[in-house]
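Understanding the architecture of this molecule
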Number of protein chains: 4
Amino acid sequence: MFTEDQNLTEKQKGILAAATELFAEKGYAATSTSEIARKAGVAEGTIFRHYKSKKDLLLTIVSPTMIKVIGPTVKKDINKVLDKEYSTFQDFIRAMIANRIDFVKNNIPLIRIVIQELPFHDELKKQAIEHIGKDVFEKLRAIVQYFQAKGQIIEMHPDTIIRVVASSVLSYIFTSYVIFPENEWNEEEEIERLIEVLSNGVAKR
Amino acid sequence: MFTEDQNLTEKQKGILAAATELFAEKGYAATSTSEIARKAGVAEGTIFRHYKSKKDLLLTIVSPTMIKVIGPTVKKDINKVLDKEYSTFQDFIRAMIANRIDFVKNNIPLIRIVIQELPFHDELKKQAIEHIGKDVFEKLRAIVQYFQAKGQIIEMHPDTIIRVVASSVLSYIFTSYVIFPENEWNEEEEIERLIEVLSNGVAKR
Amino acid sequence: MFTEDQNLTEKQKGILAAATELFAEKGYAATSTSEIARKAGVAEGTIFRHYKSKKDLLLTIVSPTMIKVIGPTVKKDINKVLDKEYSTFQDFIRAMIANRIDFVKNNIPLIRIVIQELPFHDELKKQAIEHIGKDVFEKLRAIVQYFQAKGQIIEMHPDTIIRVVASSVLSYIFTSYVIFPENEWNEEEEIERLIEVLSNGVAKR
Amino acid sequence: MFTEDQNLTEKQKGILAAATELFAEKGYAATSTSEIARKAGVAEGTIFRHYKSKKDLLLTIVSPTMIKVIGPTVKKDINKVLDKEYSTFQDFIRAMIANRIDFVKNNIPLIRIVIQELPFHDELKKQAIEHIGKDVFEKLRAIVQYFQAKGQIIEMHPDTIIRVVASSVLSYIFTSYVIFPENEWNEEEEIERLIEVLSNGVAKR
DNA sequence: GATGAATGAGTATTCATTCAT
DNA sequence: CATGAATGAATACTCATTCAT
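Residues numbered from 1 in each chain as written. Chains lettered and ligands numbered in written order. Predicted model: local features only at pLDDT ≥ 70, side-chain atom pairs only at ≥ 80, totals over all residues. Heavy atoms only, no water.

Looking at an unreviewed UniProt entry, one finds chain A named TetR family transcriptional regulator, with Ornithinibacillus halotolerans as its source organism.

Given below as structure tokens:
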């Protein structure tokens, strides 16, 4: 995660890695800076040379996730839709799911931290609402309307459709990868079923 | 919440109420016992006369919720199904949602605490898996199979159906009442739409 | 100093005594709370149970000095003047000096702290100005005018007279008892000489 | 202050200037080396390249003041007296005051530091006693005796006269320029009054 | 049963100082 | 020479917990 970033010293990378792991494992408030220092193999003072407070450290870890990673990938997706790369709504959802699973798999600790700490830090809340709430939601609305226009999905208020589909997909992914990562599901098959249920419902005809 | 319980002194109720509120608001680790004492209007020592540690206090607050409240209501629901009180799967889901919304509305702080602290306390995790994982899941499976036998819902593996429906319903409720409680939705209408999507999917026919 | 105060526990008295001594000896900023605790024979946490911060401890030590001790004694003196207890300006100064020497002798550490810390703490400055600046200065002016009216002292602006006399007296006392307390002066004789110089000057006639 | 000194690099001058200002403003113990570095616009390490410790920096700032400045000017004054440049004791005091005011005005921060830190650093105390105590006091004694021989001032023990006059003059200057520098006094007039009181006392004849 | 003073280990943060670059 | 990253001891302050009253 942080190993790629160029202008960071080895120590800084170690601090970020250690802090990420510990915050995810025990929670922000229950993690002490001395613990982070020990795990990162640096002196406690070194942490504060780079991050002016424990909170600053948290924000440094979390902000890029929300800003750089969530935003752009959703943007890419919508462009692909508009470029007719996905001809059906199902294809779009499938791609979204695959894309999200990839992201989640590679960032489980980070996501855990975000979920845990979001309610307690107003700065994070603000960022989340700004980056996800507005940007992403609007784009998803455009996509839904696009497929409604093509006659592929029902004429329901786009926001309702987004809420149902997104909450299903996200909670599906979270339960699979973040909450019960030890379980072994047959991934592809399960995804297809989820898509089928979302497409055709559970009612028999 | 705790006012009903009989064999609790006024002080104990006050401590539980104060702790619940503070844990929900700031998180378990970030709440100090002195804060709880102040809010409850008791001396610091009084807390430890009743609960041998801060963690004990947390477990006292959270356990009854999971044990007493989640289990029984699901049992009641399944009995109602078997008593043919709900003749369609939609009716069942509708009843479940109403029931859960009621519970959630009345226990937002408690639910917040459970969600926040579950990952960090193995005792809680164990309890959760035991009480919800096994008991509830089995009963839901029975219900799905019942409606499948009646030819109302598709012949998919019951667990998949449960996962999709339950995660949709729960995340729907959580986003509505726990995460964005300030938003004003048209409750009944939204629920009907959710049920419709779950029943018939989003695909146009 | 603090042994008299009734509603203070033994520990509190110990903390105040230790802090007073250390602040006087090494200065406020250079004294650590752990040092105070060690010297007072209490746990470090105990200090903060009684004084919410190190600064609070400083103010607790210093405020009573300025409020309770400086004000009242000057008031007493002026009453004695008005009651004609001192028939000459010299008598008045002599009484003032004796009185101040008594106070200074019994409160050397406290006075040291006040002198040292006054410039760095605005709360102290404010208090000092309020209690000494206004109250005391006004009363001294009244006294000077009283003796001017009696034709005992020259017709110079009272404030100038106060400044010269007071600064002479105070710096005399300070150099004798606070700055060079080890020196042995012939107290009474020296005081008489100071009074003589202030009365008649150093010029030979 | 330090700009004149030749064999000092720009950085060194900056460090001394910054440290002087900060020590005067917040006190030695409450000033951090990082603060000094920031204010001086140098790296933290640079300070320690030139001054082996924070205390060394303090001594570097303070010592020259006492050694170079106090000593020589008093010597000059006494020579002027002996050269009959001042024919009366009043003239001598007037010149002394003017001279001291000049010095004080141009070195307020330095004087503040000396006053504040003197009691806490034995090295400084020693220097002060050596340079002022012995050298200066002796010279002043000679001057007093000179004017006594000329029959201008009373036949009191010279040390008493010095104490009274010096403490009056110094505390007068300090209160005017160091402690309440914001006040606007009518300088010349006030000085004349001080001299008059010192010469003829406050008693009416 | 309730209190709240007392504790001492622990907290985040700052500090003066060192040293490789 | 100058830098600034790194250190680890020290700092003011908080915490959960104990216990005599």
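Text resumes after the structure shown.
1. Some words on the overall build of chain A
For clarity, the threshold we go by: A helix here means a DSSP run of H or I that spans at least four residues, while a strand means a run of E at least two residues long, and both kinds are numbered starting from the N terminus. Summary of the burial criterion: residues with accessible area below 20% of their type's maximum are buried, those above 50% are exposed, and those between are partly exposed, where the area comes from a 1.4 Å probe applied to protein chains only. Contacts are assigned to residue pairs that have any heavy atoms within 4.5 Å of one another. Areas reported here follow the Shrake-Rupley algorithm with a probe of radius 1.4 Å; residue values treat only the protein chains shown as occluding.
Along its length, chain A carries nine helices and zero strands. Counting every position in chain A, which comprises 205 residues, the buried fraction comes to 47%. A fraction of 63% describes how many contacts in chain A between residues 6 or more apart in sequence connect residues 24 or more apart. In the structure as shown, chain A presents an accessible area of about 10,200 Å², 54% of it carried by carbon and sulfur atoms.

2. Structural notes on the interface of chain C and chain D
Rules: Two parts placed together each lose some accessible area under a 1.4 Å probe, and the buried area is that loss summed for both. Think of a salt bridge as a Lys or Arg side-chain nitrogen and an Asp or Glu carboxyl oxygen that are within 4 Å of each other. Here a polar contact means two N or O atoms within 3.5 Å. Within protein one must be a hydrogen donor candidate and the other an acceptor candidate, and residues neighboring in sequence count only if both atoms are side-chain atoms. For this classification, Asp, Glu, Lys and Arg are treated as charged, while Ala, Val, Leu, Ile, Met, Phe, Trp, Tyr, Cys and Pro are nonpolar and the rest, including Gly, are polar.
With 42 residues of chain C at the contact, the number on the chain D side is 42 residues. Buried surface at the junction of chain C and chain D, both sides included, amounts to about 3,700 Å², of which 61% is carbon and sulfur. Linking chain C with chain D are two salt bridges. One salt bridge in this structure joins Glu190 of chain C and Arg163 of chain D, with 2.9 Å as the shortest N-O distance. The interface formed by chain C and chain D contains eleven residue pairs in polar contact (both at pLDDT 80 or more). Mapped onto the side of chain C that touches chain D, the elements with two or more residues apiece are helix 1 (10-26), helix 6 (108-117), helix 8 (158-179) and helix 9 (187-200) of chain C. Per-element tally for the side of chain C that touches chain D: the top contributor is helix 8 of chain C, with eleven residues. The class makeup of the residues in the side of chain C that touches chain D is 20 nonpolar, 13 polar and nine charged.

3. Side note on the relation of the copies chain C and chain D
Quick note on the threshold: Each copy is superposed on the other by least squares, with the fit set by C-alpha atoms of residues at a pLDDT of at least 70 in both.
Each copy of the sequence occupies a distinct position, and chain C is placed on chain D by a rotation of 179 degrees and an axial shift of 0.1 Å, giving an RMSD of 0.2 Å. Between the two chains, the operation in question is that of a two-fold axis. Ranked by how close their C-alpha atoms come to the rotation axis, the residues of chain C are headed by Gly201 of chain C, at 1.9 Å. A share of 100% of interface residues in chain C that are also interface residues in chain D marks the association as one of identical surfaces.

4. A few points about the protein's contact with DNA strand F
Inclusion rule: Put simply, a residue is near a molecule or strand once any heavy atom of it comes within 4 Å of that molecule or strand.
Around DNA strand F, a shell composed of 31 residues is seen, among which Thr46 and His50 of chain A, Thr33 of chain B, Lys54 of chain C together with Thr46 of chain D lie nearest. In DNA strand F, the atoms that sit within 4 Å of the protein are 60% sugar and phosphate, with bases accounting for the remainder. At 2.6 Å, a side-chain N or O of Thr46 of chain A approaches a phosphate oxygen of DNA strand F. Within the contact set of DNA strand F, a phosphate oxygen lies 2.8 Å away from a backbone nitrogen or oxygen of Lys54 of chain B. At the level of elements, helix 3 (44-50) of chain A, helix 3 (44-50) of chain B, helix 2 (33-40) and helix 3 (44-50) of chain C together with helix 3 (44-50) of chain D are the ones that each hand at least two residues to the surface near DNA strand F. Along the lines of polarity and charge, the residues of the surface near DNA strand F split into six nonpolar, 17 polar and eight charged.

5. Re the packing of helix 5 (residues 89-106) of chain D against helix 8 (residues 158-179) of chain D
All names here are of chain D. Threshold: Interaxial angles span 0 to 180 degrees and are taken between N-to-C directions of axes, which are lines fitted to C-alpha atoms, for helices over the stretch in contact. Each crossing gets its hand from how the near helix is turned against the far one by less than a right angle, where anticlockwise is left-handed and clockwise is right-handed.
Here helix 5 crosses helix 8 at 35 degrees, and the two axes come no closer than 10 Å. Note that helix 5 runs across helix 8; the crossing there is right-handed. On helix 8, the residues that touch Ile93, Ile97, Arg100, Ile101, Val104 and Lys105 of helix 5 are Val165, Val169, Ile173, Phe174, Tyr177 and Val178. Residues of the contact of helix 5 with helix 8, tallied by class, amount to ten nonpolar, no polar and two charged.

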